[in-house]
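Reading the structure
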Amino acid sequence: MNESILITGANIGLGKETARLLALKQETKKVILFCRNQAKAEAAKKDLEEQTGKKIFEIIIGDVSDANSVRKAVEKIKEPIDAVILNAGGMVGKMAGKVTPSGMNELAATNILGHVILVEELIKHDRLKKAVLYPSAEAVPGVKMLGMKPVAMKTSSADEFAAVLDGSYFGNKFDAVQAYGYVKYAATMWMLSMARKYPELKFVVVSPGNTKGTLAPDNLPPAMKFMLKNFMMPVVFPLMGGMVHELEVGAKRFVDGISDDQYKSGVFYASKEGKLSGDVVDQSTFFTALKNTAFQDNADKAIHRFIK
Ligand SMILES: NC(=O)c1ccc[n+]([C@@H]2O[C@H](COP(=O)([O-])OP(=O)(O)OC[C@H]3O[C@@H](n4cnc5c(N)ncnc54)[C@H](OP(=O)(O)O)[C@@H]3O)[C@@H](O)[C@H]2O)c1
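So, here is what we can say about the structure in this document. Given the structure is predicted, the values throughout are model-derived calculations rather than measurements. (Residues numbered from 1 in each chain as written. Predicted model: local features only at pLDDT ≥ 70, side-chain atom pairs only at ≥ 80, totals over all residues.)

Regarding its fold elements, the protein chain presents nine helices and eight strands. Relative to the globule expectation of 19 Å for 308 residues, the C-alpha radius of gyration of the protein chain, 18 Å, shows essentially globular dimensions. With respect to the three principal axes, the spread of C-alpha positions in the protein chain is 45 × 45 × 35 Å. Intrachain contacts of the protein chain at a sequence separation of at least 6 include 75% that bridge at least 24 residues. (Helix = DSSP H or I, 4+ residues; strand = E, 2+ residues; numbered from the N terminus. Rg over C-alpha atoms; globule rule 2.2 N^0.38 Å. Contact = placed C-beta atoms within 7 Å.)

We now examine helix α6 (residues 176-197). Compared with an ideal rise of 1.5 Å per residue, which puts 22 residues at 32 Å, α6 spans 31 Å between its outermost C-alpha atoms and is within 8% of the ideal. The buried fraction of α6 amounts to 18 of the 22 residues, a majority that puts the element mostly inside the structure. (Expected span 1.5 Å × (residues − 1). Buried ≥ 20, exposed ≤ 12 C-beta atoms within 10 Å, placed from the backbone.)

Among the nonpolar cores identified, the biggest contains 88 residues, and L33, L133, L165, V183 and A186 are the most heavily contacted of them. For L165, the contacting residues outside a window of four places in its chain are M104, A108, A186, A302, I303 and F306. (Core = buried A, V, L, I, M, F, W, Y, C linked by C-beta atoms within 7 Å.)

Near the ligand, the surroundings consist of 28 residues, among which G9, G13, L14, G89 and T214 are the closest. Its residues assigned to classes, the shell around the ligand shows ten nonpolar, 15 polar and three charged. (Near = placed C-beta within 6 Å. Nonpolar A, V, L, I, M, F, W, Y, C, P; charged D, E, K, R; others polar.)

Let's shift gears to the packing of helix α5 (residues 158-166) against α6. Packing of α5 against α6 leaves a shortest axis separation of 10 Å and a crossing angle of 130°. For the element pair α5 / α6, the angle class is oblique. Relative to α6, the crossing made by α5 is left-handed. On α6, the residues touching F161, V164 and L165 of α5 are Y182, V183 and A186. Grouping the constituent residues of the contact of α5 with α6 by class yields six nonpolar, no polar and no charged. (Axes fitted to C-alpha atoms, helices over the stretch in contact; angles between N-to-C directions. Parallel < 35°, antiparallel > 145°, perpendicular 65-115°, else oblique. Left-handed = near helix turned anticlockwise from the far one by under 90°.)

Two faces, one strand: in a regular strand the side chains alternate between the faces of the sheet. Where strand β1 (residues 4-8) and strand β4 (residues 81-85) come together, three bridges link them in parallel fashion. Pairing of I7 across the sheet is with I85, part of β4. By the bridge criterion, four bridges tie β4 to strand β5 (residues 128-135) in an arrangement that is parallel. Within β5, the residue paired with V84 across the bridge is V132. Handedness of the β-α-β unit built from β4, helix α4 (residues 106-124) and β5 comes out right-handed. (Pairing = 2+ DSSP bridges. Right-handed = clockwise from strand over helix to strand, strands pointing away.)

Now for helix α7 (residues 222-240). Along its length, α7 shows its largest kink, about 60°, at M232, and proline P234 lies within four residues downstream of that point. Within two residues after α7, G241 carries a phi angle of roughly 80°, on the positive side. (Bend = angle between axes of the 7 residues up to and from the residue.)

In this fold, G213 is placed in the loop between β6 (202-206) and α7. Spatially, the C-alpha atom of G213 lies 29 Å from that of A67, the residues being 146 residues apart in sequence. When neighbours within four sequence positions are excluded, G213 is seen to be in contact with E246 and L247.

It is worth stressing that arrangement in space is one thing and function is another; only the former is reported here.
What follows is the structure in C-alpha coordinates.
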(Lines give C-alpha, C1' and ligand atoms only; values in the text may rest on other atoms or scores of the structure.)
Protein backbone atom coordinates (compact mmCIF):
# COMPACT_ATOMS: atom_id res chain seq x y z
CA MET A 1 0.00 0.00 0.00
CA ASN A 2 1.51 3.33 -1.06
CA GLU A 3 0.49 6.28 1.11
CA SER A 4 2.96 8.81 -0.31
CA ILE A 5 4.03 9.02 -3.94
CA LEU A 6 6.32 11.44 -5.78
CA ILE A 7 5.76 11.91 -9.53
CA THR A 8 8.17 13.82 -11.77
CA GLY A 9 6.70 15.86 -14.63
CA ALA A 10 3.33 15.84 -12.91
CA ASN A 11 1.89 19.10 -14.28
CA ILE A 12 0.52 17.64 -17.52
CA GLY A 13 -0.01 14.43 -19.52
CA LEU A 14 0.54 11.03 -17.94
CA GLY A 15 2.18 12.42 -14.80
CA LYS A 16 -0.80 14.61 -13.91
CA GLU A 17 -3.33 11.90 -14.77
CA THR A 18 -1.40 9.41 -12.60
CA ALA A 19 -1.52 11.94 -9.75
CA ARG A 20 -5.30 12.20 -10.21
CA LEU A 21 -5.86 8.43 -10.22
CA LEU A 22 -3.63 7.91 -7.19
CA ALA A 23 -5.42 10.66 -5.25
CA LEU A 24 -8.72 8.83 -5.82
CA LYS A 25 -7.34 5.75 -4.01
CA GLN A 26 -8.36 5.69 -0.37
CA GLU A 27 -4.89 4.71 0.86
CA THR A 28 -3.16 7.75 -0.72
CA LYS A 29 -2.26 10.43 1.85
CA LYS A 30 0.23 12.52 -0.14
CA VAL A 31 1.12 13.08 -3.81
CA ILE A 32 4.22 15.16 -4.48
CA LEU A 33 4.18 16.93 -7.85
CA PHE A 34 7.85 17.24 -8.84
CA CYS A 35 7.85 19.86 -11.61
CA ARG A 36 10.32 22.32 -13.13
CA ASN A 37 7.97 25.28 -13.41
CA GLN A 38 6.28 26.79 -10.33
CA ALA A 39 3.35 28.39 -12.18
CA LYS A 40 2.53 25.20 -14.12
CA ALA A 41 2.84 23.15 -10.94
CA GLU A 42 0.48 25.50 -9.02
CA ALA A 43 -2.07 25.36 -11.84
CA ALA A 44 -1.92 21.54 -11.93
CA LYS A 45 -2.27 21.34 -8.13
CA LYS A 46 -5.36 23.58 -8.18
CA ASP A 47 -6.91 21.57 -10.99
CA LEU A 48 -6.15 18.24 -9.28
CA GLU A 49 -7.66 19.50 -6.02
CA GLU A 50 -10.82 20.53 -7.85
CA GLN A 51 -11.05 17.27 -9.80
CA THR A 52 -10.46 14.96 -6.84
CA GLY A 53 -11.79 17.00 -3.92
CA LYS A 54 -8.56 16.09 -2.08
CA LYS A 55 -6.00 18.50 -0.58
CA ILE A 56 -3.12 16.05 -0.55
CA PHE A 57 -0.91 17.53 -3.27
CA GLU A 58 2.47 19.11 -2.55
CA ILE A 59 4.89 20.74 -4.97
CA ILE A 60 8.65 20.31 -5.23
CA ILE A 61 10.44 22.27 -7.92
CA GLY A 62 13.27 20.59 -9.79
CA ASP A 63 14.62 20.10 -13.30
CA VAL A 64 15.40 16.44 -13.96
CA SER A 65 17.96 17.30 -16.66
CA ASP A 66 20.05 19.23 -14.13
CA ALA A 67 21.96 17.27 -11.46
CA ASN A 68 22.28 20.15 -8.98
CA SER A 69 18.65 21.13 -9.30
CA VAL A 70 17.63 17.57 -8.38
CA ARG A 71 20.07 17.40 -5.46
CA LYS A 72 18.63 20.67 -4.07
CA ALA A 73 15.09 19.36 -4.53
CA VAL A 74 15.88 16.15 -2.65
CA GLU A 75 17.03 18.24 0.36
CA LYS A 76 13.42 19.43 0.67
CA ILE A 77 12.14 15.87 1.08
CA LYS A 78 12.22 15.39 4.84
CA GLU A 79 10.00 12.34 5.24
CA PRO A 80 10.31 8.92 3.60
CA ILE A 81 8.26 8.39 0.43
CA ASP A 82 6.63 5.05 -0.42
CA ALA A 83 6.89 5.22 -4.21
CA VAL A 84 8.51 7.34 -6.89
CA ILE A 85 7.32 7.54 -10.51
CA LEU A 86 10.11 8.80 -12.80
CA ASN A 87 7.67 10.13 -15.39
CA ALA A 88 9.24 13.37 -16.70
CA GLY A 89 10.64 12.85 -20.17
CA GLY A 90 9.85 12.12 -23.76
CA MET A 91 11.56 13.24 -26.96
CA VAL A 92 12.32 16.72 -25.55
CA GLY A 93 12.07 18.67 -28.84
CA LYS A 94 14.57 20.67 -30.87
CA MET A 95 17.22 20.78 -28.13
CA ALA A 96 17.33 16.97 -27.69
CA GLY A 97 20.84 16.61 -29.16
CA LYS A 98 22.39 19.53 -27.27
CA VAL A 99 25.02 18.42 -24.79
CA THR A 100 24.32 19.50 -21.20
CA PRO A 101 26.98 20.33 -18.55
CA SER A 102 26.80 16.69 -17.39
CA GLY A 103 28.06 15.49 -20.80
CA MET A 104 24.78 13.72 -21.55
CA ASN A 105 22.69 15.30 -24.26
CA GLU A 106 19.36 16.88 -23.36
CA LEU A 107 17.38 13.77 -24.38
CA ALA A 108 19.36 11.46 -22.09
CA ALA A 109 19.67 14.00 -19.27
CA THR A 110 15.90 14.54 -19.18
CA ASN A 111 14.96 10.88 -19.39
CA ILE A 112 17.76 9.54 -17.17
CA LEU A 113 20.24 11.82 -15.37
CA GLY A 114 18.08 13.52 -12.74
CA HIS A 115 16.02 10.41 -12.17
CA VAL A 116 19.07 8.33 -11.29
CA ILE A 117 20.27 11.05 -8.91
CA LEU A 118 16.80 11.40 -7.38
CA VAL A 119 16.48 7.68 -6.64
CA GLU A 120 20.05 7.22 -5.43
CA GLU A 121 19.91 10.28 -3.15
CA LEU A 122 16.58 9.14 -1.67
CA ILE A 123 18.03 5.69 -0.97
CA LYS A 124 21.21 7.20 0.50
CA HIS A 125 19.16 9.32 2.93
CA ASP A 126 16.82 6.44 3.74
CA ARG A 127 13.87 8.29 2.23
CA LEU A 128 12.53 5.61 -0.13
CA LYS A 129 10.41 2.84 1.37
CA LYS A 130 8.86 0.68 -1.36
CA ALA A 131 8.86 1.23 -5.10
CA VAL A 132 10.31 3.01 -8.11
CA LEU A 133 8.55 3.01 -11.48
CA TYR A 134 10.24 4.07 -14.72
CA PRO A 135 8.12 4.70 -17.85
CA SER A 136 9.85 3.05 -20.79
CA ALA A 137 8.37 2.58 -24.26
CA GLU A 138 7.49 0.02 -26.93
CA ALA A 139 10.17 1.84 -28.98
CA VAL A 140 12.70 -0.42 -27.19
CA PRO A 141 11.54 -3.79 -28.59
CA GLY A 142 10.20 -1.95 -31.68
CA VAL A 143 6.87 -2.20 -33.46
CA LYS A 144 7.25 -3.98 -36.82
CA MET A 145 3.85 -2.94 -38.16
CA LEU A 146 4.89 0.73 -37.90
CA GLY A 147 8.43 0.21 -39.18
CA MET A 148 9.84 0.96 -35.71
CA LYS A 149 13.01 -1.14 -35.54
CA PRO A 150 14.01 -2.75 -32.21
CA VAL A 151 16.95 -1.22 -30.38
CA ALA A 152 19.97 -3.10 -31.69
CA MET A 153 23.22 -2.22 -29.93
CA LYS A 154 26.25 -4.23 -31.01
CA THR A 155 27.69 -5.06 -27.59
CA SER A 156 25.68 -3.17 -24.93
CA SER A 157 29.09 -2.41 -23.36
CA ALA A 158 29.51 0.51 -20.95
CA ASP A 159 31.32 2.41 -23.74
CA GLU A 160 28.44 1.84 -26.15
CA PHE A 161 25.86 2.96 -23.58
CA ALA A 162 27.97 6.06 -22.83
CA ALA A 163 27.99 6.88 -26.56
CA VAL A 164 24.19 6.67 -26.58
CA LEU A 165 24.03 9.05 -23.62
CA ASP A 166 26.34 11.71 -25.08
CA GLY A 167 24.85 11.23 -28.57
CA SER A 168 28.11 10.21 -30.33
CA TYR A 169 26.58 6.75 -31.04
CA PHE A 170 24.31 8.40 -33.62
CA GLY A 171 27.04 10.23 -35.60
CA ASN A 172 26.64 13.76 -36.97
CA LYS A 173 22.92 13.65 -37.68
CA PHE A 174 21.17 13.37 -34.34
CA ASP A 175 17.62 12.09 -34.72
CA ALA A 176 15.71 12.21 -31.42
CA VAL A 177 13.01 9.88 -32.71
CA GLN A 178 15.60 7.16 -33.33
CA ALA A 179 17.67 7.96 -30.22
CA TYR A 180 14.60 7.88 -27.93
CA GLY A 181 14.36 4.05 -27.93
CA TYR A 182 18.08 3.74 -27.15
CA VAL A 183 17.85 6.19 -24.24
CA LYS A 184 14.80 4.37 -22.86
CA TYR A 185 16.72 1.07 -23.25
CA ALA A 186 19.63 2.49 -21.19
CA ALA A 187 17.24 3.68 -18.47
CA THR A 188 15.38 0.37 -18.48
CA MET A 189 18.62 -1.58 -18.07
CA TRP A 190 19.66 0.71 -15.18
CA MET A 191 16.32 -0.05 -13.47
CA LEU A 192 16.82 -3.80 -13.91
CA SER A 193 20.32 -3.48 -12.46
CA MET A 194 18.88 -1.54 -9.46
CA ALA A 195 16.30 -4.30 -8.91
CA ARG A 196 19.15 -6.76 -8.30
CA LYS A 197 21.13 -4.28 -6.17
CA TYR A 198 18.17 -3.42 -3.90
CA PRO A 199 15.99 -6.55 -3.58
CA GLU A 200 14.08 -4.98 -0.66
CA LEU A 201 12.65 -2.33 -3.04
CA LYS A 202 10.48 -2.80 -6.13
CA PHE A 203 12.04 -1.44 -9.35
CA VAL A 204 9.46 -1.85 -12.07
CA VAL A 205 9.57 -0.59 -15.67
CA VAL A 206 6.23 0.05 -17.40
CA SER A 207 5.38 1.54 -20.78
CA PRO A 208 2.15 3.56 -20.68
CA GLY A 209 1.51 2.44 -24.27
CA ASN A 210 0.50 4.81 -27.05
CA THR A 211 -1.52 7.33 -25.07
CA LYS A 212 -3.76 10.14 -26.32
CA GLY A 213 -4.05 13.51 -24.58
CA THR A 214 -0.42 14.19 -23.70
CA LEU A 215 1.97 16.82 -25.07
CA ALA A 216 4.34 14.12 -26.41
CA PRO A 217 3.52 14.72 -30.13
CA ASP A 218 4.47 18.42 -29.73
CA ASN A 219 8.11 17.39 -29.41
CA LEU A 220 8.21 15.58 -32.75
CA PRO A 221 9.50 17.10 -36.01
CA PRO A 222 6.68 19.23 -37.58
CA ALA A 223 5.71 16.81 -40.40
CA MET A 224 5.59 13.83 -38.03
CA LYS A 225 3.61 15.83 -35.47
CA PHE A 226 1.06 16.82 -38.12
CA MET A 227 0.65 13.20 -39.33
CA LEU A 228 0.39 11.82 -35.83
CA LYS A 229 -2.11 14.39 -34.51
CA ASN A 230 -4.37 14.58 -37.57
CA PHE A 231 -4.16 11.15 -39.15
CA MET A 232 -2.45 8.40 -37.15
CA MET A 233 -3.93 9.00 -33.65
CA PRO A 234 -7.56 9.76 -34.66
CA VAL A 235 -7.90 7.51 -37.75
CA VAL A 236 -5.20 4.91 -38.45
CA PHE A 237 -4.40 3.57 -34.96
CA PRO A 238 -8.05 3.06 -33.94
CA LEU A 239 -8.68 1.18 -37.22
CA MET A 240 -5.66 -1.09 -36.64
CA GLY A 241 -6.83 -2.13 -33.16
CA GLY A 242 -4.58 -2.48 -30.08
CA MET A 243 -2.54 0.57 -31.06
CA VAL A 244 -3.79 3.55 -28.99
CA HIS A 245 -5.72 4.33 -25.81
CA GLU A 246 -7.04 7.16 -23.63
CA LEU A 247 -4.95 9.06 -21.06
CA GLU A 248 -6.57 7.29 -18.11
CA VAL A 249 -5.65 3.86 -19.55
CA GLY A 250 -1.98 4.81 -19.93
CA ALA A 251 -1.82 6.34 -16.44
CA LYS A 252 -3.55 3.29 -14.92
CA ARG A 253 -0.58 1.19 -16.07
CA PHE A 254 1.62 3.36 -13.79
CA VAL A 255 -0.81 3.11 -10.88
CA ASP A 256 -0.98 -0.68 -11.27
CA GLY A 257 2.80 -0.88 -11.65
CA ILE A 258 3.42 0.47 -8.17
CA SER A 259 0.25 -0.85 -6.47
CA ASP A 260 -0.39 -4.32 -7.90
CA ASP A 261 1.74 -7.23 -6.63
CA GLN A 262 1.41 -8.93 -10.02
CA TYR A 263 3.92 -6.37 -11.31
CA LYS A 264 7.30 -7.74 -10.24
CA SER A 265 10.56 -5.97 -9.52
CA GLY A 266 13.16 -6.29 -12.29
CA VAL A 267 10.63 -6.68 -15.11
CA PHE A 268 9.83 -4.36 -18.04
CA TYR A 269 6.09 -4.52 -18.81
CA ALA A 270 4.67 -3.15 -22.06
CA SER A 271 2.12 -4.07 -24.73
CA LYS A 272 2.21 -7.46 -26.44
CA GLU A 273 4.74 -7.85 -29.26
CA GLY A 274 3.82 -5.53 -32.17
CA LYS A 275 1.08 -3.71 -30.18
CA LEU A 276 0.91 -0.33 -28.43
CA SER A 277 -2.17 -0.91 -26.27
CA GLY A 278 -4.05 -3.74 -24.56
CA ASP A 279 -2.62 -6.18 -22.00
CA VAL A 280 0.94 -5.76 -20.77
CA VAL A 281 3.53 -8.55 -20.89
CA ASP A 282 7.11 -9.09 -19.75
CA GLN A 283 9.15 -7.73 -22.69
CA SER A 284 12.12 -10.02 -21.99
CA THR A 285 10.08 -12.95 -23.35
CA PHE A 286 10.77 -11.64 -26.88
CA PHE A 287 13.41 -8.91 -26.40
CA THR A 288 15.97 -11.12 -24.71
CA ALA A 289 18.78 -8.54 -24.22
CA LEU A 290 16.76 -7.37 -21.20
CA LYS A 291 17.72 -10.57 -19.35
CA ASN A 292 21.47 -9.97 -19.70
CA THR A 293 22.69 -8.87 -16.27
CA ALA A 294 26.08 -7.78 -17.65
CA PHE A 295 24.30 -5.42 -20.09
CA GLN A 296 22.18 -4.10 -17.21
CA ASP A 297 25.28 -3.35 -15.14
CA ASN A 298 26.98 -1.75 -18.16
CA ALA A 299 24.10 0.73 -18.45
CA ASP A 300 24.50 1.53 -14.74
CA LYS A 301 28.29 2.05 -15.15
CA ALA A 302 27.85 4.23 -18.24
CA ILE A 303 25.28 6.48 -16.54
CA HIS A 304 27.59 7.00 -13.55
CA ARG A 305 30.37 8.28 -15.83
CA PHE A 306 28.18 11.39 -16.22
CA ILE A 307 27.38 11.88 -12.52
CA LYS A 308 30.01 13.83 -10.61
N1 LIG B 1 2.59 9.59 -24.41
C2 LIG B 1 2.91 8.37 -24.78
O3 LIG B 1 2.20 7.77 -25.62
C4 LIG B 1 4.11 7.67 -24.18
C5 LIG B 1 4.45 6.41 -24.66
C6 LIG B 1 5.55 5.75 -24.10
C7 LIG B 1 6.27 6.35 -23.07
N8 LIG B 1 5.91 7.59 -22.63
C9 LIG B 1 6.70 8.18 -21.52
O10 LIG B 1 5.81 8.61 -20.49
C11 LIG B 1 6.34 9.76 -19.83
C12 LIG B 1 5.32 10.90 -19.82
O13 LIG B 1 5.01 11.21 -21.16
P14 LIG B 1 3.86 12.24 -21.58
O15 LIG B 1 3.44 11.82 -22.94
O16 LIG B 1 2.86 12.39 -20.51
O17 LIG B 1 4.70 13.60 -21.75
P18 LIG B 1 4.24 15.13 -21.77
O19 LIG B 1 2.77 15.30 -21.90
O20 LIG B 1 5.13 15.80 -22.78
O21 LIG B 1 4.67 15.62 -20.30
C22 LIG B 1 6.01 15.59 -19.92
C23 LIG B 1 6.15 16.11 -18.51
O24 LIG B 1 7.55 16.04 -18.16
C25 LIG B 1 7.94 17.34 -17.71
N26 LIG B 1 9.36 17.58 -17.98
C27 LIG B 1 9.99 17.55 -19.18
N28 LIG B 1 11.29 17.85 -19.02
C29 LIG B 1 11.47 18.07 -17.69
C30 LIG B 1 12.59 18.44 -16.91
N31 LIG B 1 13.79 18.65 -17.46
N32 LIG B 1 12.43 18.55 -15.55
C33 LIG B 1 11.21 18.35 -14.98
N34 LIG B 1 10.10 18.03 -15.68
C35 LIG B 1 10.25 17.90 -17.02
C36 LIG B 1 7.05 18.31 -18.47
O37 LIG B 1 7.07 19.56 -17.82
P38 LIG B 1 6.85 20.96 -18.61
O39 LIG B 1 5.36 21.13 -18.73
O40 LIG B 1 7.50 21.96 -17.72
O41 LIG B 1 7.51 20.83 -19.95
C42 LIG B 1 5.73 17.57 -18.36
O43 LIG B 1 5.18 17.76 -17.08
C44 LIG B 1 7.63 10.11 -20.57
O45 LIG B 1 8.73 9.57 -19.87
C46 LIG B 1 7.48 9.44 -21.92
O47 LIG B 1 8.72 9.13 -22.52
C48 LIG B 1 4.85 8.27 -23.16
